[in-house]
Amino acid sequence: MRYRALTWDHPRGYNALAAAAAGLDEGRDGLAIDWDKQPLEGFEAHPIGDLCARYDLIVLDHPHVGEAVADRGLIPLEDLFTAEDLAGWQRDSIGPSFASYRFADRHWALPLDAATQVTACRADLLDGPIPVTWAEVASLSERTPVALSLAGPHACLTFLSMAAAFGDPPAVADPERLVSAEVGTQVLDLMATLAGRMPAAVRGLNPIGLLGHMARTDDVALCPLVYGYVNYAAPTVAGDKPVTFADAPRATADGRPGSTLGGTGIGVSVRCEVTPALLDHLRWLLGAEAQRSFIPAHDGQPSRRDAWADEAVNARWGGFYRSTAATLEAAYVRPRHAGYIAFQAEAAAMIRDALADGTPHAALLDRLQHRYAASRPVAGAER
């Protein structure tokens, strides 16, 4: 069997999958996989149902599963793997990486890659320790260039993460309510302060662009919340300086690091002619050997907890995994209902515009709540 597959075009998303596929022999292994790639933003632009109609395997982020289920585009893992397989991935995956793909009482993707927002800094540009709390971040920003990640959906994701840090993870206590007025106002006050001080040159950069900018220039010392990319912790490009990663900021020193889960999983589309050989290959990608050795060696970012604790993996990548694992273990999981992705994009634009034009926080929070409520198909819909 020859399978068509789609992933994203960063080395973290492509290289390990392509290398694993290159190692397959159709005659020996009984399958071949051709991995196409597109920009990460392409997954927002192309409906997941359309991708499922064109590809056998699709790398996706967990907030897309609601739309995939609504479009009947993916095969639930319960129909492909044993209960023992599923229990093992639940046990071995770091934080909520595996659980995040559960929706409507089924799991819809294999947790290939784990990531969440963490603090990134140029340690050589700081005049003290890496900030632990949001108050320390604000204080640092008075004398050192600090940048928020606000481009694309990330203005919304930053807002969600900060709300989680301040004790109100969005839509968790009440799925119908995005965030309380008290916490929402506190978060927007802080975002407005930091956004007003950040260098203009990085306002339009996505996390990859922002981290690359930090590695190449000296005009941003710290980004308190940005999706972690291990590749920047030990750069291989001549002239790039290492970016140091640490746990996301907390409201208090002993509080929860506020961060919104990212990462990617592999979904199997309903068009796929599944064979035992394909399932064995997918099991291998999530197994200890691949996750602790093969994937890190090919620019990937594993999802197994033991890989994040592995001494050799941490030694190779500047301690990235050990320094941020606590944040991943506590990461906030977004709603996954069909309609959430559109809300996230619109909410990010609303937040950026409000920060730029000084819209009163109460008015912005009302608009966010109204748009969030409209995104939910029915009251009490699946998350």
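Please read all numbers here as calculations on a predicted model, not as lab measurements.

Reading the values: the criteria
Residues numbered from 1 in each chain as written. Predicted model: local features only at pLDDT ≥ 70, side-chain atom pairs only at ≥ 80, totals over all residues. Heavy atoms only, no water. Helix = DSSP H or I, 4+ residues; strand = E, 2+ residues; numbered from the N terminus. Rg over C-alpha atoms; globule rule 2.2 N^0.38 Å. Buried < 20%, exposed > 50% of the residue type's maximum accessible area, 1.4 Å probe, protein only. Contact = heavy atoms within 4.5 Å. Areas by Shrake-Rupley, 256 points an atom, 1.4 Å probe, with all protein chains shown as cover. Core = buried A, V, L, I, M, F, W, Y, C linked by side-chain atoms within 4.5 Å. Salt bridge = Lys/Arg side-chain N within 4 Å of Asp/Glu carboxyl O. Pairing = 2+ DSSP bridges. Axes fitted to C-alpha atoms, helices over the stretch in contact; angles between N-to-C directions. Polar contact = N/O pair within 3.5 Å; in protein donor to acceptor, adjacent residues only side chain to side chain. Phe/Tyr/Trp six-rings, centres within 6.5 Å; stacked < 30°, edge-to-face > 60°. Lys NZ or Arg CZ within 6 Å of the ring centre and 35° of its normal. Expected span 1.5 Å × (residues − 1). Arc of directions from axis to C-beta.

A. Structural detail: the overall build of the protein. If you tally the helices and strands in the protein, you get 17 helices and 10 strands. What you see for the protein is a C-alpha radius of gyration of 20 Å, in line with the 21 Å of a compact globule of 383 residues. For the protein, the spread of C-alpha atoms along the three principal axes comes to 65 × 50 × 35 Å. Across the 383 residues that make up the protein, the buried fraction comes to 56%. Taking as baseline every contact in the protein between residues at least 6 positions apart, the subset at least 24 positions apart corresponds to 75%. Total accessible area on the protein is roughly 14,500 Å²; 53% of this is exposed by carbon and sulfur atoms.

B. Representation of the nonpolar core in the model. Of all hydrophobic cores here, the largest spans 123 residues; its most connected members are I33, F81, W134, F159, M191, L211 and F245. When neighbours within four sequence positions are excluded, I33 is seen to be in contact with Y3, A5, A21, L24, L57, L278 and H281.

C. Representation of the pattern of salt bridges within the structure. Enumeration over the complete set of coordinates arrives at 25 salt bridges. In this structure, R143 and D127 form a salt bridge, with 2.9 Å as the shortest nitrogen-oxygen distance. One end of the pair, R143, is in the loop between α7 (134-141) and α8 (154-165); the other, D127, is in the loop between β7 (117-121) and α7, with 16 residues separating them in the sequence. Per residue, the accessibility class of R143 equals that of D127, and both read exposed.

D. Structural detail: unusual backbone geometry. In this structure, A104 is a non-glycine residue whose phi angle is positive, near 55 degrees. Following the sequence through the fold, A104 ends up in the loop between β4 (102-103) and β5 (106-107). A positive phi angle is found at A171, which is not glycine, with a value near 60 degrees. Looking at the secondary structure, you find A171 in the loop between α8 and α9 (181-197).

E. Fine view of the sheet that holds strand β2 (residues 32-38). Pairing is mixed across the open sheet formed by five strands, whose spatial order is β2-β1-β3-β10-β6. Only two strands of the sheet have a single neighbouring strand rather than two, namely β2 and β6 (110-113). Averaged over all pairs of adjacent strands, the angle between strand axes in this sheet comes to 25 degrees, irrespective of strand direction. As paired elements, strand β3 (residues 57-60) and strand β10 (residues 264-268) share four bridges and run antiparallel to each other. Along β10, the bridge assignment pairs V59 with I266.

F. Spatial organisation of the side chain of R250. As for its placement among the helices and strands, R250 is situated in the loop between β9 (244-246) and β10. Of the residues examined, R250 reaches a relative accessible area of 17% and is grouped as buried. There is a polar contact of 2.6 Å between the side chain of R250 and the backbone oxygen of G255. Residues in contact with R250, not counting those within four places in the same chain, are V132, T133, W134, A165, G255, R256 and P257.

G. Structural context of the environment of H62. Considering the arrangement of structural elements, one finds H62 in the loop between β3 and α5 (65-70). Separated by 281 residues in sequence, H62 and F343 place their C-alpha atoms 15 Å apart. With residues up to four places along the chain from it excluded, the contact list for H62 reads S100, Y101, L261, G262, V333, R334 and R336. Here the side chain of H62 touches D61 through a polar contact of 3.4 Å, side chain to side chain.

H. Quick look at the sheet that holds β7. Strands sit in the order β8-β7-β9 across an open sheet of three strands; the sheet is antiparallel. Bordering the open sheet on either side are β8 (222-227) and β9, each of which pairs with just one other strand. Strand-to-strand twist across the sheet, computed as the mean angle between neighbouring axes with direction ignored, equals 35 degrees. Along the sheet face, α8 touches β7 and β8 and points at about 100 degrees away from the line of β8. Packed onto the sheet, helix α10 (residues 207-216) meets β7, β8 and β9 and runs at close to 145 degrees relative to β8.

I. The packing of aromatic side chains, seen in detail. Scanning the model with the defined rule gives 10 aromatic pairs in all. Pairing W8 with Y229 gives two aromatic rings, centres 6.2 Å apart and planes at 75 degrees, and the pair type is edge-to-face. On the criterion of sequence distance, the pair formed by W8 in strand β1 (residues 2-8) and Y229 in the loop between β8 and β9 is long-range, its members being 221 residues apart. By way of ring pairs, the aromatic residues F245, W308, F320 and Y321 are connected into one cluster. Lying over the aromatic face of Y55, R4 brings its terminal NZ or CZ to 4.3 Å of the ring centre. The lysine or arginine in question, R316, covers the ring of W317, its NZ or CZ lying 3.9 Å from the ring centre.

J. Region of interest: helix α16 (residues 340-357). Over its 18 residues, α16 runs 26 Å from end to end, which matches the ideal 26 Å to within 8%, given 1.5 Å per residue. The set of residues buried in α16 consists of Y340, I341, F343, Q344, A347, A348, I351 and A354. Burial along α16 is one-sided: seen end-on, the buried residues are contained in an arc of 150 degrees. Turned more than 90 degrees off the buried face of α16, the exposed positions are A356 and D357. Looking one or two places after α16, you find G358, whose phi comes out positive at around 75 degrees.

K. Region of interest: the pairing of β7. With five of five residues buried, β7 lies mostly within the body of the structure. Looking at chain direction, β7 and β9 are connected through three bridges and run antiparallel. Within the sheet, the bridge partner assigned to C121 lies in β9 and is T244.

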